[in-house]
Amino acid sequence: FPKPFPSQEAEALPAAGTDSASDELGLHFSMHRFLESKTRTHPSPHCCRHISSTTAGLPSFEHVVCLRCCGRRDPRPRTVWLGHPEKRDQRYPRNVINNQKYNFFTFLPGVLFNQFKYFFNLYFLLLACSQFVVEMRLGALYTYWVPLGFVLAVTVIREATEEIRCYMRDKEVNSQIYSKLTARGRLGGSSVPANQRVPADMIFLRTSEKNGSCFLRTDQLDGETDWKLRLPVTCTQRLPTASVKTLLKCGCLTVCQNISEDSDPPVNESLSIENTLWASTVIASGTVVGVVLYTGRELRSVMNTSNPRSKIGLFDLEVNCLTKILFGALVVVSLVMVALQHFAGRWYLQIIRFLLLFSNIIPISLRVNLDMGKIVYSWVIRRDSKIPGTVVRSSTIPEQLGRISYLLTDKTGTLTQNEMVFKRLHLGTVAYGLDSMDEVQSHIFSIYTQQSQDPPAVKGLNLATKVRKTMSSRVHEAVKAIALCHNVTPVYESNGVTDQAEAERHYEDSCRVYQASSPDEVALVQWTESVGLTLVGRDQSSVQLRTPGGHILNFTILQIFPFTYESKRMGIIVRDESTGEITFYMKGADVVMAGIVQYNDWLEEECGNMAREGLRVLVVAKKSLTEEQYQDFEARYVQAKLSVHDRSLKVATVIESLEMEMELLCLTGVEDQLQTDVRPTLETLRNAGIKVWMLTGDKLETATCTAKNAHLVTRTQDIHIFRLVTNRGEAHLELNAFRRKHDCALVISGDSLEMCLKYYECEFMELACQCPAVVCCRCAPTQKAQIVRLLQERTGKLTCAVGDGGNDVSMIQEADCGVGVEGKEGKQASLAADFSITQFKHLGRLLMVHGRNSYKRSAALSQFVIHRSLCISTMQAVFSSVFYFASVPLYQGFLIIGYSTIYTMFPVFSLVLDKDVKSEVAMLYPELYKDLLKGRPLSYKTFLIWVLISIYQGSIIMYGALLLFESEFVHIVAISFTSLILTELLMVALTIQTWHWLMIVAELLSLSCYIASLVFLHEFIGKIFYDVYFIATLSFLWKVTVITLVSCLPLYVLKYLRRRFSPPSYSKLTS
């Protein structure tokens, strides 16, 4: 089996209603060690399976699977007991999903560790702890511990909120109710009705369907749109009772590895992948009963996902790097101050005191402002009415959305709706589209009307001679071939008015549902129904069609040749019960059908035209057989199937003897409906400089068609389909062939990708990153995550992964920014993602508007907070150097805390509301997003500019105060601090690009708070900091005004000149 199950012994489960007098049915499921497979999503061809018997007349199952320890434990057999509670000897994981990063015990240690493992927070912790040493203390303890405590409190509250939300989402999913058929224990019998998810990995024991099989929808597990046929264990399906309880009354005895001796001969029966029901798949038909093998963290889908990690944004890492530079500057300034004292006295203590004195160079309020800004960005995203239903599940990385270079997207359910629509019928000389299907309907109606009017004796003659060359006949033959050549089964369900039996007897249209392994086939059959030829019944040996007049046509199925990825075609031989005619119908891809059908001059051209429209093209052909021809073929076919050696080759050779000179009937074009506005969204992303890779578990042809249809690959671009390679030499040759292509999209399968990454990882990634678009098909979940990781390592660029299924969780969690699409097929991806959207088109606005604004706002906010701290640190340095390098603080605790909180906090934080262009302009010109990919809003250049501005303004304010003060030291404090506050308020106004009414309120509020503190706290301030009488004089006012103007006016002039002669790109759009 593909799943790397860890080994544990199964617990004993009591069967519901166990009767001691009942017979015992031994169900044996044991896991044995096998050679490790290279892939985790496809069964090994070397798996051996066998059955043993332990009870007279009743079989038991020994289930042998391919198993990998996956680095956890050595693989061992697993035995599941039913009906023997006394034999339970081990516990099993709870059958729940868990997307939380912490639990109750690890939350606080984990959050604190994630905070203090970065230099920024660790520095402030050490700083605050140093104040417990008396010789190092510079002020009150609260001036250091209160800001640090506030920072940690904000972080803990935010993380706790997200964890609680995550817990509630998981609880909602885990609270789904299923029918459990055993009295206790986690492993045992379970019943799953139609259209419900399979709760755990199970062995399929029984189904309520009459045909003895059921279909599974697996798109949430492996990304494939085709439904999978599953078969129950034969012996349990054939039990004489239909009662589920009777089935599970049988005690289940398991023999582990060694077969127990018994007087009865063993009953041999094989178990295969067709007998399994994986968790997260959906039952498409009937009610199934199975025995649970794996739950919780041992599920196949869970084993294929990685543990959630705490994502740290690139912006936060850049800010952390800047703080290290500031720390270096802090150390240098402190050493210079001590060196200028010639290292006199206890100089090492002086160094520490200067380090504490200039600690404001690294602003502790930076982390608080950035964290609170992230909360505001998340709130704005959730409140955006143009992307309704968007949920921010991780509020720590909104800036990541503004710097995405690679977008990796799933196909099924993300780009497409997984709803196939019949678009085109081409007969060579004429084509019918959606607007002309009524003509097809009229042709079908005329054919069967003519048949009903003709005498029975000449009906066959008319069809064979007179009508054969007419357009109506050609259309009829094509439609009948499409209606017969498939594996679709009509199923009738009760609709509340008509019960199931009556609906099946009368072929009620309102109760009929089509089931098939491929949605393409369902679309074709639904189309034939819309034009008048309806599939009303099918079993293993016959097909029933209904004509427009209500007449039932019966056909006997003689042979079926199912579709395979190697043959790329499927065929069926049927006998018309009314005429006895035997016809061989076949449909398949144009690349294989071109050599099978009779010569024609239009097939290749029209297939290319339809493919360029993004349609999935099938070629339909037929061949009439005489009774003698069929009998000869059947004899050779049966003999080939009984061959011991080269059976597959001999069977294929016999079938190919029929596939010669077939009559080409038509081409069909089916379109997988794209989600709304997928094409303009992808175009917007391309224009923004984002490269899009599509990673899907679907077939190569399907993925290529969707890429064309969605315009992921533009009409002017060539497509290089990387052929299947199985060894190093083939991979080398194919890579050389691909290297010669330029501006070419790449399409590659998962097997070829694995081979290239194994031997030529560096070369392949270098070539792939140069492609305008890449499509990876037949990708396993772990391969998707591997591609994301390689892109991050090889390019150093930010990646965003988008998906909607459980098979996308690993990719979403591995990417720098994970986006889940909450669709009709479940919420597993959206629950594990950082951001959740309802439609793919919302991704454009999420990146172009919110991502761009978040990054630019945080860049401006962080640099302004650094500027604010550097200003006051520069003033402290000037003050100390003037007063003989004394390690004495210029401002005491109250002013220091007030400066970074009530006096300047609101205006500075209001920068999170700033924006350079309107959202409509950002969406209209995605090229504005491309500018952010270079990281210019926060770079060493912009950082240096702000440092120089801070040094200039701090020096002007301090030297101005020293120059203009009159007699007392408190005059210096009053003039400098007031000028500093006014300078900061004016600098905020200078930085703002688009005014918001809250910004004006913040400016006025901060100025009012400062004035109010002078008025109402004058006794407290006057005694310690200010000369209250001096600040009320006209002399104070003009001195403050002059200093403020000198510090700010030159910057306003420079800003005006820059916008006048070298405007930024966004200003050209807003002017």
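Residues numbered from 1 in each chain as written. Predicted model: local features only at pLDDT ≥ 70, side-chain atom pairs only at ≥ 80, totals over all residues. Heavy atoms only, no water.

1. Structural notes on the sheet that holds strand β9 (residues 228–230)
Condition: When DSSP finds two or more bridges between a pair of strands, those strands are recorded as paired. The numbering of helices and of strands both runs from the N terminus, where a helix is a DSSP run of H or I of at least 4 residues and a strand a run of E of at least 2.
Taken in spatial order, the three strands make up an open sheet running β9-β8-β11, and their pairing is antiparallel. Strand pairing shows two members of the sheet lacking a second neighbour, β9 and β11 (282–283), which therefore form its edges. With two bridges connecting them, strand β8 (residues 214–217) and β11 associate as antiparallel partners. Within β11, the position partnered with Arg217 by the bridge is Val282.

2. Quick word on the side chain of Thr409
Rules: Any two residues whose heavy atoms approach within 4.5 Å at even a single point are treated as in contact.
Relative to the helices and strands, Thr409 resides in strand β14 (residues 404–409). Leaving out residues up to four positions away in the same chain, Thr409 has contacts with Thr414, Leu415, Val692, Trp693, Met694, Leu695, Val802 and Phe840.

3. Here's the deal with the sheet that holds strand β10 (residues 276–277)
The strand order across the open sheet built from five strands is β5-β6-β12-β7-β10, with neighbouring strands paired in antiparallel fashion. At either end of the open sheet lies a strand with only one pairing partner, and these are β5 (179–180) and β10. Bridge analysis of strand β7 (residues 201–207) against β10 gives two bridges, and the strand direction is antiparallel. Of the residues in β10, the one forming a bridge with Ile203 is Thr276.

4. Side note on empty space enclosed by the protein
What counts here: Buried and open spaces are told apart on a 1 Å grid over the protein atoms alone, a cavity being a set of points where a 1.4 Å probe fits but cannot get out and a pocket being an open set with protein on both sides within 12 Å along at least five of seven lines. Residues with an atom within 4 Å of a point are the lining residues. Grid points are joined across faces, edges and corners, and a volume is the space filled by probe spheres set on the points. Three categories are distinguished: nonpolar for Ala, Val, Leu, Ile, Met, Phe, Trp, Tyr, Cys and Pro, charged for Asp, Glu, Lys and Arg, and polar for the others, with Gly belonging to the last.
Within the structure shown, the criterion is met by six cavities of 30 Å³ or more. For the largest cavity, the lining is made up of 39 residues, of which Lys101, Glu159, Lys311, Ser394 and Thr396 are closest to its centre. For the lining of the largest cavity, the secondary-structure elements that each account for two or more residues are α1 (107–116), α2 (119–130), α3 (142–174), α8 (314–340), α10 (365–383), β13 (391–392) and α27 (828–832). Examining the composition of the lining of the largest cavity, we find that eight residues originate from one element, α3, more than from any other. Class assignment of the residues belonging to the lining of the largest cavity gives a composition of 13 nonpolar, 11 polar and 15 charged.

5. Some remarks on the UniProt feature "binding site: Mg(2+)" (unreviewed entry) in the chain
The criterion, for reference: UniProt positions are given in the numbering used here, feature names are shortened, and annotations may be inferred rather than shown by experiment. Think of it in three bands: residues with accessible area under 20% of the maximum for their type are buried, residues over 50% are exposed, and the middle band is partly exposed, with areas taken using a 1.4 Å probe on protein chains only. Within 3.5 Å is the distance limit for a polar contact, defined as a pair of N or O atoms, with the added protein rule that one can donate a hydrogen and the other accept it, and that residues adjacent in sequence qualify only through two side-chain atoms.
The sites that UniProt annotates as "binding site: Mg(2+)" (unreviewed entry) are Asp410, Thr412, Asp804 and Asp808. Across 399 residues, the annotated set stays spatially compact, with a maximum C-alpha separation of 10.7 Å. Residue classification places Asp804 among the buried positions, given a relative accessible area of 4%. At a separation of 3.3 Å, a polar atom in the side chain of Asp804 contacts the side chain of Thr414. You can see Asp808 is positioned in the loop between β30 (798–803) and α26 (809–814). For Asp808, the contacting residues outside a window of four places in its chain are Asp410, Lys784 and Gly803.

6. So, the pattern of salt bridges
Our working definition: Whenever Lys or Arg places a side-chain nitrogen within 4 Å of a carboxyl oxygen from Asp or Glu, that contact is recorded as a salt bridge.
Counting across every chain of the model gives 28 salt bridges. Residue Asp808 pairs with Lys784 through a salt bridge whose shortest N-O separation is 2.7 Å. Taken together, the residues span a long stretch of sequence, with Asp808 in the loop between β30 and α26 and Lys784 in helix α25 (residues 781–795) at a distance of 24 residues. The exposure class assigned to Lys784 is buried, which follows from its relative accessible area of 0%. Two residues, Asp916 and Arg852, come together in a salt bridge whose shortest N-O distance is 2.8 Å. Here Asp916 is found in the loop between α30 (905–909) and α31 (919–924), whereas its partner Arg852 is found in helix α28 (residues 842–882), with 64 residues between them in sequence.

7. Focus on a positive patch on the surface
Defined as follows: Here, patches come from residues exposed beyond 30% relative accessible area and free of salt bridges, joined within 9 Å for like charges and within 5 Å for nonpolar side chains (Val, Leu, Ile, Met, Phe, Trp, Tyr). The protein chains shown are the only cover counted for residues, whose accessible areas, like all others here, come from Shrake-Rupley with a 1.4 Å probe. Under the convention used here, Asp and Glu are negative, Lys and Arg are positive, and both His and the chain ends fall outside the count. Positions of charges follow a simple convention, taking NZ of Lys, CZ of Arg, CG of Asp or CD of Glu.
On the surface, a cluster of positive charge is contributed by Lys930, Lys934, Arg936, Lys941 and Arg1058. For Arg1058, the location among the structural elements is in helix α38 (residues 1034–1061). We classify Arg1058 as exposed; its relative accessible area is 60%.

8. A word on the side chain of Ser378
Mapped onto the fold, Ser378 is located in helix α10. If near-sequence neighbours (up to four positions away) are discounted, Ser378 is found in contact with Val392 and Ser395.

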